[in-house]
Every structure is written in C-alpha cells, then in structure tokens.
Amino acid sequence: MKKGILAIAGLAAIAIIAKKAQKRKAFVKGIFDEYDVKERTPFGFADRIRTMNDEEYNSLKEKVRTQFGRGCCKPRTAE
C-alpha cells in the first residue's frame, strides 16, 4: 500500500517537472521567434544579442528575468 502511494506521488512530481520544463521551452521558443534568432543555439542567440541596441537588450533581459528569476533571493543592498 505504501509503495503504491509513493509511486503515485513520484509520478505526480515527474508530471509537474515535465509541465514546467515544457512551459520554459515554449517561452524560449517564443523569445527566439520574437527576436528573429535564426540559429537555435546559444551561440546564435549570443550573436543576435550582440546586434541588439540597448533598448531591445533591456527588454529581452527583463522578459527573461521575469520568467526565470526566482522569488526566493533578493539582491542585497550595501548597508
């Protein structure tokens, strides 16, 4: 009985992780499409970032921060 409950809990955890990974993959694909990145590799993305102006880069950076930033850690300020 306990093994069955643990198996169900394990499958639920895997499903949650897979769903989160799928959302992140869709977000990255959307970013590639929005910023017209032809080569779908980190190098192609870096090349596109090099050609961006400051306004485009800051917009991209904010989108990535809101999607992948964690709410647990806050930057420390100098005291």
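Structure shown above.
Calculation notes
- Counting from 1, residues in each chain are numbered in the order their sequence is written.
- Owing to the predicted nature of the model, reporting of local features is limited to residues with pLDDT of at least 70; listing and counting of side-chain atom pairs is limited to 80 or more, with chain, interface and lining totals taken over all residues.
- Computation of side-chain values covers all heavy atoms of the structure but excludes hydrogens and water.
- Helix and strand labels come from DSSP, where a helix needs a run of H or I of at least four residues and a strand needs a run of E of at least two; each type is numbered from the N terminus.
- Note on definitions: a residue-residue contact is assigned when non-hydrogen atoms from the two residues lie within 4.5 Å.
- To estimate the expected span of a helix, count its residues, drop one, and scale the result by 1.5 Å.
- Any N or O atom pair separated by 3.5 Å or less is treated as a polar contact, with the protein-specific requirement of one donor-capable and one acceptor-capable atom, and with residues adjacent in sequence counted only for side-chain atom pairs.
- Note on definitions: salt bridges are taken to be side-chain nitrogens of Lys or Arg within 4 Å of carboxyl oxygens of Asp or Glu.

Novice: Would you mind showing me how to read the environment of Arg24 here?
Specialist: Note that Arg24 resides in helix α1 (residues 2-34). When the C-alpha positions of Arg24 and Gln67 are compared, they lie 8.0 Å apart, and in sequence the two are 43 residues distant. Not counting chain neighbours up to four residues away, the residues in contact with Arg24 comprise Gln67 and Phe68.

Novice: Which parts of the structure should I look at to understand helix α3 (residues 54-68)?
Specialist: Residue pairs three or four apart in sequence face the same way in an α-helix, which turns once every 3.6 residues. For α3, which comprises 15 residues, the first-to-last C-alpha distance of 21 Å matches the rise-based estimate of 21 Å (1.5 Å per residue) to within 8%. With a side-chain oxygen positioned 3.2 Å from the backbone nitrogen of Glu55, the residue opening α3 is Asn53.

Novice: Before we go on, may I ask you to explain the pattern of salt bridges in this structure?
Specialist: As a working rule, side chains carrying opposite charge can pair if their charged atoms are close by. Under the defined criterion, the tally for this structure stands at five salt bridges. Residue Glu34 is joined to Lys63 by a salt bridge in which the shortest nitrogen-to-oxygen separation is 2.3 Å. Pair noted here: Glu34 is in helix α1 and Lys63 is in helix α3, with a separation of 29 residues, a long-range link. Between Asp36 and Lys38 there is a salt bridge, with the nearest N and O atoms lying 3.0 Å from each other.

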